[in-house]
Every structure is written in C-alpha cells, then in structure tokens.
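Next come the chains, spelled out residue by residue.
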Amino acid sequence: MNTLAPVFYNAESVRRVLNWPMVNEAVEAALKAVVKPKAPVGDEPMDAIGSEPQSNESRGRSYVSQPARNVTVASNDPSKLLLTMPAFVGNYQLTGNGAGGDASNVARSTLACKVVTSFRSNRLLQPPLPSINANILLFNAHTGELEALMAGTDITTWRTVSASLVATKYLYFRRFGPRAEQQLGINVAVVGCGAQGQLHAAAMCANFRVDKLTLYNRTQIRAVQLANELRQRMAHDSDSCYGPKLPDIQVCGSAGEAVAEADVICIATYAKEPLIRASDLREKRSVHINAVGAGEVHFGEVSDDIYQESLVYVDCMENARHELVGLPAPIAGEVGDVIINGNYPDEQALTIFQSMGMASEDACVAEAVQTALLSCDK
Ligand SMILES: NC(=O)C1=CN([C@@H]2O[C@H](COP(=O)(O)OP(=O)(O)OC[C@H]3O[C@@H](n4cnc5c(N)ncnc54)[C@H](OP(=O)(O)O)[C@@H]3O)[C@@H](O)[C@H]2O)C=CC1
Ligand SMILES: O=C(O)C1=NCCCC1
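Residues numbered from 1 in each chain as written. Chains lettered and ligands numbered in written order. Predicted model: local features only at pLDDT ≥ 70, side-chain atom pairs only at ≥ 80, totals over all residues.

Where an unreviewed UniProt entry is consulted, the protein chain appears under the name Ketimine reductase mu-crystallin, with the organism given as Drosophila arizonae. Heading Sequence similarities (unreviewed entry) of the UniProt record for the protein chain holds this comment: "Belongs to the ornithine cyclodeaminase/mu-crystallin family." UniProt, in the comment section headed Subunit (unreviewed entry), describes the protein chain in these words: "Homodimer. Binds the thyroid hormone triiodothyronine (T3); T3 binding inhibits enzymatic activity." (UniProt positions renumbered as here; feature names shortened; annotations may be inferred.)

See the structure below:
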C-alpha cells in the first residue's frame, strides 16, 4: 500500500459494501476480542506455578487495546461533543461472510481511530443534518502509517445496530435453544425513530422473524414516515431478506404502549428522563432491551425499576467503569463472554444490553469495509 497517499473512502463507497453478514461478523469479533482471560481456576491451563493468567495474545486469542474515549465539549454546550475513539484489535479472524473477510481465515490486526461528533441540535437545522458525524482513520498495524481515511457515519449507525442484533441473538434467542433466532417469531418495539431507531427497525426485520413491529417517536410524524417507508421497502423486497410473513407495523402514541407486548425493545433517544418503566413491560418477562441512547448519561431513558429487575450486560466492562458510573444495577457480564462461553440467561429473564459503543467495533467494521472495497477493485 502507498504510505505517502492515504486513500479516502467516501460515504457512498462505504454504503456500497455495507451488509449485515459482514458487519455482524466484524462486530461479533470485536465483542469477543474485548473479553479478558479469566484468572486460572480449575481446568484453566497455567504457564507456570504462581504465574499471571496467560494473555489472550499468548493463547492465540484475539485481544483489544481500547483506552477510554476522550470527550471534548464544544462551545461550552454539553449537547455538542467531539469524541476520539482509538483501538487496536489483535489476532482476530473474519471468515469471508458478506465479503468483508478472508476465506483463508488468516488472523488480522487493526489499528484505527474514530473521530466522531454528537451535535443533537443538527436535526433542527434546515435542511437537517445527522446528529452523529464520524470519520475513521485506519493505520498500518505494523508501521503505524496512515493508510486510509473512511467516512464513518454509516459505520457508526450500522455497528451500533449490529451490536444490538448480536446482543439480541445471544442474550434473547439463545436462551430458547441453539437455532432459536431462525425459528422463533418475535414482537419488536423501537422507541426513538432517529437515525439509530430507523436502522434498528429495518435491521431487526431483516435479520430476525419479526411478527409485529411497534414504533414510538416523540415527534409522531417521524414514526409514521418510518412505518410507511418500511412497509413499502418490505413489500418490494419480500423475496429477499424478510421472512415468509411481513411484520405487522404499528405506530404508537406512547413508549409504554409500544413496548407493552414486545419481546425485544430497542431504545435510542437523547431523553434524560425515563421513557419506559417496569409497569409498561409484559407481565411474563422474557424480555430483552437494547438500551442504545447516550445523552448526558447512557442510562437515562430506561427507568431505575427496570434496571433493578434486569440482568444488565455491556459491550465492554472496562469502559463501563468510566462511563456507567451510577448505573442503578450491577453488571452481569459482557456480551462477548456470553458468546464465547454460552452462558445464556434463563428463559424468563429480563435482560438489558447497555450499549456504549466501542472503538474496536468501528475498527473491525472499517477493516472489513476496506477489504471489501479492495476486493471490488480487483
Ligand atoms: N451506543 C452507541 O454505540 C451509540 C449511541 N448513540 C446514541 O443513540 C441516540 C440516538 O442517536 P441518533 O438516532 O443518531 O440521533 P437522532 O438525532 O437521529 O435521533 C434522536 C432521537 O431521540 C429522540 N429524542 C431526543 N430527545 C428526546 C426526549 N427528551 N424524549 C424523547 N425522545 C427524544 C428524537 O425524537 P424527535 O424526533 O422527537 O426529536 C429522535 O427520535 C443518541 O443518544 C446517541 O448518542 C449513537 C451512536 C452510537
Ligand atoms: O460510540 C459512538 O460512536 C458514540 N457513542 C455515543 C454517542 C456518540 C457516538
């Protein structure tokens, strides 16, 4: 690769190659890589008596270096943030699923840094702009030279939605059996129909068998527009990715109404006050919540009484120590650990995936996108 001239991949190029199998595989790789080896107990092998637990690297497993993200407040306004999100992901594999990978299963390492702004008032501009705008720097992991600058706004939305998909697969479906995500029909509620909510709604229907999709948005017209768009798109694509039966899509007048019959809830707003409460949820719990919104805190949009009843899982325990201070419930574990060890929740559990977003997800997806774009050029 020419080290003197980093390549620029614009948003259009990135969009051309994004697809769910590719992104889901890359995000799953990032979620697993972040899991630290456990201290040696029982049958865990030890290097030598009294030695430290083996590192993931020395075991040939994937691993991550991902410092806490740095947040800069712009114009003295806490709703205008610039975040820098560096990550190194070592020794991970992508199989070639969805064209991002390498069928030979060669282990890869990625060094990247996302620079992202969150300006929530952008939606009020004329014309409106996305609240989240991102670019990703991809470096040569051996020499440290900058190889590519990639538009990262779509990658941010896709990898965040994908983390919710992966969490739903392992924290919700797998409690019912090994292939439950292909067999079971679910009711999905989406609370917040901004950029995240829109893609969560479409992706849940494209990746799982959704019987009913309920939508709530503070400004109702956006939920109505999303419902209409999804109905049109699904009718048009019905042969390809959606199941044998198209979901029944309903717009609701309150968040409580939207989640009342939901098995899986995706909530992605800037709300500081809770939009959903324990009394809104189905009595027979067996419910999974993807809590995505990050206003001033990550967990404002879901009420304390839901957290107190839930098993809360995170993408990264280390980041949670910095970013989830004051979370009203203990953290049960990392999604990656559940993927690796198969320790799924009980069928009746109420689970929350508290999504913070990881730089390593951006790194793995950006690497997969670059691989796919390079293979298009061949
Ligand atoms: N976990 C992660 O990895 C990531 C999390 N995020 C977070 O996801 C959330 C949504 O982002 P995105 O979709 O890009 O943002 P958008 O600006 O596109 O959408 C914001 C949504 O939040 C709703 N909303 C804002 N304030 C309130 C409120 N007080 N009460 C109810 N609804 C409200 C808006 O409703 P209305 O249409 O009425 O204005 C809209 O539906 C943000 O908190 C963002 O920080 C984003 C990226 C990654
Ligand atoms: O992970 C990200 O990227 C973001 N998370 C919170 C809000 C800004 C972007």
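1. Considerations on the overall build of the protein chain
Counting secondary structure elements, the protein chain contains 11 helices and 15 strands. Residue burial in the protein chain is summarised as follows: out of 378 residues, 44% are buried. Counting contacts in the protein chain only where the partners sit at least 6 residues apart, residues at least 24 apart contribute 71% of the total. (Helix = DSSP H or I, 4+ residues; strand = E, 2+ residues; numbered from the N terminus. Buried ≥ 20, exposed ≤ 12 C-beta atoms within 10 Å, placed from the backbone. Contact = placed C-beta atoms within 7 Å.)

2. Quick word on the site of ligand 2
Around ligand 2, the neighbouring residues are L83, V116, S118, I132, T156, A294 and G357. Residues of the shell around ligand 2, tallied by class, amount to 4 nonpolar, 3 polar and no charged. (Near = placed C-beta within 6 Å. Nonpolar A, V, L, I, M, F, W, Y, C, P; charged D, E, K, R; others polar.)

3. Side note on helix α3 (residues 153-172)
When the terminal C-alpha atoms of α3 are compared, their 28 Å separation across 20 residues agrees well with the 28 Å that a helix rising 1.5 Å per residue should span. Here α3 lies mainly inside the structure; 19 of its 20 residues are buried. (Expected span 1.5 Å × (residues − 1).)

4. Looking at the site of ligand 1
In the vicinity of ligand 1 there are 29 residues, among which G194, Q196, R218, T219 and G357 approach most closely. If you list the elements that add at least two residues to the shell around ligand 1, you get α3 and α5 (195-207). Looking at the shell around ligand 1, the element that brings in the most residues is α5, giving 3 residues. A class-by-class count of the residues in the shell around ligand 1 yields 10 nonpolar, 15 polar and 4 charged. Looking at which domains feed residues into the shell around ligand 1, each of domain 1 (7-156 + 360-377) and domain 2 (157-358) supplies at least three. (Domains from an automatic or database assignment.)

5. Comments concerning the domain arrangement of the protein chain
Reports often express the size of an interface as the amount of accessible area lost when the parts come together. Partitioning the protein chain into structural domains gives domain 1 (7-156 + 360-377) and domain 2 (157-358). Measuring from the centre of the C-alpha atoms in domain 1 to the corresponding centre in domain 2 gives 22 Å. In this complex, domain 1 contributes 26 residues to the contact, which on the side of domain 2 involves 27 residues. Elements with a contribution of two residues or more to the side of domain 1 that touches domain 2: α2 (20-33), α3 and α11 (359-377). If one sorts the elements of the side of domain 1 that touches domain 2 by residue count, α2 sits on top with 8 residues. A class-by-class count of the residues in the side of domain 1 that touches domain 2 yields 14 nonpolar, 6 polar and 6 charged.

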